[in-house]
Amino acid sequence: MTTLSNSAISDRPFVEASTSGGEVADYFALLKPRVMALVIFTALVGMTVTPSHVNPVIGAISLLMIAVGAGASGCLNMWWDADIDAVMTRTRTRPIPAGRIQPNEALSFGLTLSVGSVLVLGLAANWLSAGLLAFTIVFYAVIYSMWLKRSTAQNIVIGGAAGALPPMIGQAVVTGSIGIEGTVLFLIIFIWTPPHFWALALVKAGEYARAGIPMMPNTAGPDSTRRQILAYSVLLAPLGLAPVFLGFGGLLYGLVGLVGGLAMVGLSVQVLRRREGEAANKAAMSLFAFSILYLFLLFSALLAEQGLGLFRPVFG
């Protein structure tokens, strides 16, 4: 397998200029806005399902800082992965490999946002939530990006912890502690991450191989990856219903969790059964697309029940 050293960035033309012509939109792109949106959403749900309440101004500032911290980790990830991004079709137009922003500028931008977001969150809310945010940034930018991503096929499994932490940070903002609600939401996102990303990896296996990334289809093989996708989906389906049994998910959430969980398993079975050609790619992309919808609907149901007064208990 061909691997690319991060030092290879210096050999490419886009780092020769001392300054870049990057626009505001380019710096915003460094923050991975779609990931930021998911982080804001899941952190908000973590705040909403908590029995306590927080001052709306503090809550708004906290959400903004969680978003900035998530963007900072995304920026640092793009800085480190610029060599990989340059050889992958879906990432080669990002600001750094495209030459619109220089790596040193992205690094400074990411570090500044990282420190600023953690300090402001600590001062506005509490230092537990700030500590969790700092851990998330370090885990994603250093543990995942610099180590796991290039060294093990379990990169997505272990690295998924970073993307699963926002609900816990949101709960910590409100209560100054970590409760069962935030922990369960963390586990749902953590178990959801492997089938979500591995479905895409099945289709993009060739690109990951060229970039030297040891994704599961390239190391264990596509058939093993398909079996693991199904195993995680089978585990996710009942875990997604845990909020109902713990009392903070109601009837609406239960219905979404039940139907969505069964659909995840059903689509995973299709991925396992369709192993060749276009049918295989279509099955994998269907699972990838639905997994996004599943997580969105699951958390939206919680938000609607707890935030809009639609909660109807399933038991008692």
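Below, the structure is looked at part by part. (Residues numbered from 1 in each chain as written. Predicted model: local features only at pLDDT ≥ 70, side-chain atom pairs only at ≥ 80, totals over all residues. Heavy atoms only, no water.)

### Concerning the overall build of the protein chain
Alright, step 1. Of regular secondary structure, the protein chain possesses 15 helices and zero strands.
Alright, step 2. Relative to a compact globule of 316 residues, whose C-alpha radius of gyration would be 20 Å, the protein chain shows 20 Å and is just as compact.
Alright, step 3. C-alpha atoms of the protein chain, sized along the principal axes, occupy 65 × 50 × 25 Å.
Alright, step 4. Counting all 316 residues of the protein chain, 52% fall into the buried class.
Alright, step 5. Long-range pairs, those at least 24 residues apart, make up 76% of the contacts in the protein chain with a sequence separation of at least 6.
Alright, step 6. When the accessible surface of the protein chain is split by element, carbon and sulfur atoms take 68% of a total near 13600 Å².
Alright, step 7. Averaging the locations of the 18 positively and 14 negatively charged side chains of the protein chain gives two centres separated by 9 Å. (Helix = DSSP H or I, 4+ residues; strand = E, 2+ residues; numbered from the N terminus. Rg over C-alpha atoms; globule rule 2.2 N^0.38 Å. Buried < 20%, exposed > 50% of the residue type's maximum accessible area, 1.4 Å probe, protein only. Contact = heavy atoms within 4.5 Å. Areas by Shrake-Rupley, 256 points an atom, 1.4 Å probe, with all protein chains shown as cover. Lys, Arg positive; Asp, Glu negative; His and termini not counted. Charge placed at Lys NZ, Arg CZ, Asp CG, Glu CD.)

### Remarks on a nonpolar patch on the surface
Alright, step 1. A surface patch of nonpolar side chains, amounting to about 520 Å² of accessible area, comprises Phe245, Leu251, Leu255, Val314 and Phe315.
Alright, step 2. With respect to the element layout, Phe315 can be found in the segment after α15 (277-307). (Patch = residues over 30% accessible without salt bridge, like charges linked within 9 Å, V, L, I, M, F, W, Y side chains within 5 Å. Salt bridge = Lys/Arg side-chain N within 4 Å of Asp/Glu carboxyl O.)

### A look at the nonpolar core
Alright, step 1. Core analysis: the biggest nonpolar cluster contains 53 residues, and Leu185, Ile188, Trp198 and Phe299 have the highest contact counts within it.
Alright, step 2. No other element matches helix α9 (residues 180-203), which puts 12 residues into this core.
Alright, step 3. When near neighbours in sequence (up to four residues on either side) are disregarded, Phe299 contacts Phe41, Thr42, Val45, Pro167, Leu185, Ile188 and Ile189.
Alright, step 4. Counting 34 residues, the second-largest nonpolar core is a separate cluster that includes Met47, Trp79, Val118 and Leu133. (Core = buried A, V, L, I, M, F, W, Y, C linked by side-chain atoms within 4.5 Å.)

### Side note on the packing of helix α8 (residues 166-175) against α9
Alright, step 1. Orientation of α8 relative to α9, taken along the N-to-C sense of each, is 165°, at an axis distance of 7 Å. Relative to α9, α8 is oriented roughly antiparallel. Of the two elements, α8 crosses α9, and the hand of that crossing is right-handed. Two secondary-structure elements touch here, α8 through Pro167, Met168 and Gln171 and α9 through Glu181, Gly182, Thr183, Leu185, Phe186 and Ile189.
Alright, step 2. A class-by-class count of the residues in the contact of α8 with α9 yields five nonpolar, three polar and one charged. (Axes fitted to C-alpha atoms, helices over the stretch in contact; angles between N-to-C directions. Parallel < 35°, antiparallel > 145°, perpendicular 65-115°, else oblique. Left-handed = near helix turned anticlockwise from the far one by under 90°. Nonpolar A, V, L, I, M, F, W, Y, C, P; charged D, E, K, R; others polar.)

### Remarks on the side chain of Glu305
Alright, step 1. Looking at the element boundaries, Glu305 is found in helix α15.
Alright, step 2. In this structure, Glu305 is buried with no salt-bridge partner, the nearest side chain bearing the opposite charge being Arg312 at 8.2 Å.
Alright, step 3. Of the polar contacts made by the side chain of Glu305, one reaches the backbone nitrogen of Leu252; its length is 3.0 Å.
Alright, step 4. For Glu305, the contacting residues outside a window of four places in its chain are Phe248, Gly249, Gly250, Leu251, Leu252, Tyr253, Leu310 and Phe311. (Polar contact = N/O pair within 3.5 Å; in protein donor to acceptor, adjacent residues only side chain to side chain.)

### Considerations on α15
Alright, step 1. If you check α15, its first and last C-alpha atoms are 45 Å apart, about what 31 residues at 1.5 Å a residue would give, namely 45 Å.
Alright, step 2. A positive backbone phi angle near 75° is found at Gly309, which sits one or two residues after α15. (Expected span 1.5 Å × (residues − 1).)

### Some remarks on the pattern of salt bridges
Alright, step 1. One pass over the full model with this rule turns up seven salt bridges.
Alright, step 2. Residues Arg94 and Asp85 are paired through a salt bridge, measuring 3.2 Å at the closest nitrogen-oxygen approach.
Alright, step 3. A salt bridge links Arg275 to Asp223, with the shortest nitrogen-to-oxygen separation between them at 3.3 Å. Residue Arg275 is found in the loop between α14 (251-273) and α15, and its partner Asp223 is found in helix α12 (residues 222-239); the two are separated by 52 residues along the sequence.
Alright, step 4. The partly exposed category is assigned to Arg275, whose relative accessible area is 35%.
Alright, step 5. Here the salt bridges share partners, and the residues they tie into one network are Asp81, Asp83, Lys149 and Arg150.

### Remarks on unusual backbone geometry
For residues other than glycine, phi is negative in most cases, and the peptide bonds are mostly trans.
Alright, step 1. Residues other than glycine seldom take positive phi values, yet Lys32 does so here, at roughly 50°.
Alright, step 2. Looking at the secondary structure, you find Lys32 in the loop between α1 (24-30) and α2 (33-48).
Alright, step 3. Given the relative accessible area of 13%, Lys32 is considered buried.

### Description of the environment of Val314
Alright, step 1. By the secondary structure assignment, Val314 is in the segment after α15.
Alright, step 2. On the basis of relative accessibility, which here comes to 38%, the residue Val314 falls in the partly exposed class.
Alright, step 3. Linking Val314 and Ile137, residues 177 residues apart in sequence, is a C-alpha distance of 37 Å.
Alright, step 4. In this structure, Val314 is in contact with Val244, Gly250 and Leu251, ignoring residues within four places of it in sequence.

### Focus on the packing of helix α7 (residues 155-164) against α9
The packing of two helices is summarised by the inter-axis angle and the distance between the axes.
Alright, step 1. Running from N to C, α7 and α9 cross one another at 130°; their axes reach a closest spacing of 8 Å. Between α7 and α9, the angle is such that the two are oblique. As α7 packs across α9, the resulting crossing turns out to be right-handed. The residues of α9 that touch α7, namely those facing Ile156, Val157, Ile158, Gly160, Ala161, Gly163 and Ala164, are Phe186, Ile189, Phe190, Thr193, Pro194, Phe197 and Trp198.

### Considering α9
Residues lying three or four places apart along an α-helix face the same way, a consequence of the helix completing one turn every 3.6 residues.
Alright, step 1. When the terminal C-alpha atoms of α9 are compared, their 36 Å separation across 24 residues agrees well with the 34 Å that a helix rising 1.5 Å per residue should span.
Alright, step 2. The sharpest bend along α9 reaches about 30° and sits at Thr193, with the proline Pro194 one to four residues further on.
Alright, step 3. Counting buried positions along α9 gives 18 out of 24 residues, so the element sits mostly inside the fold. (Bend = angle between axes of the 7 residues up to and from the residue.)

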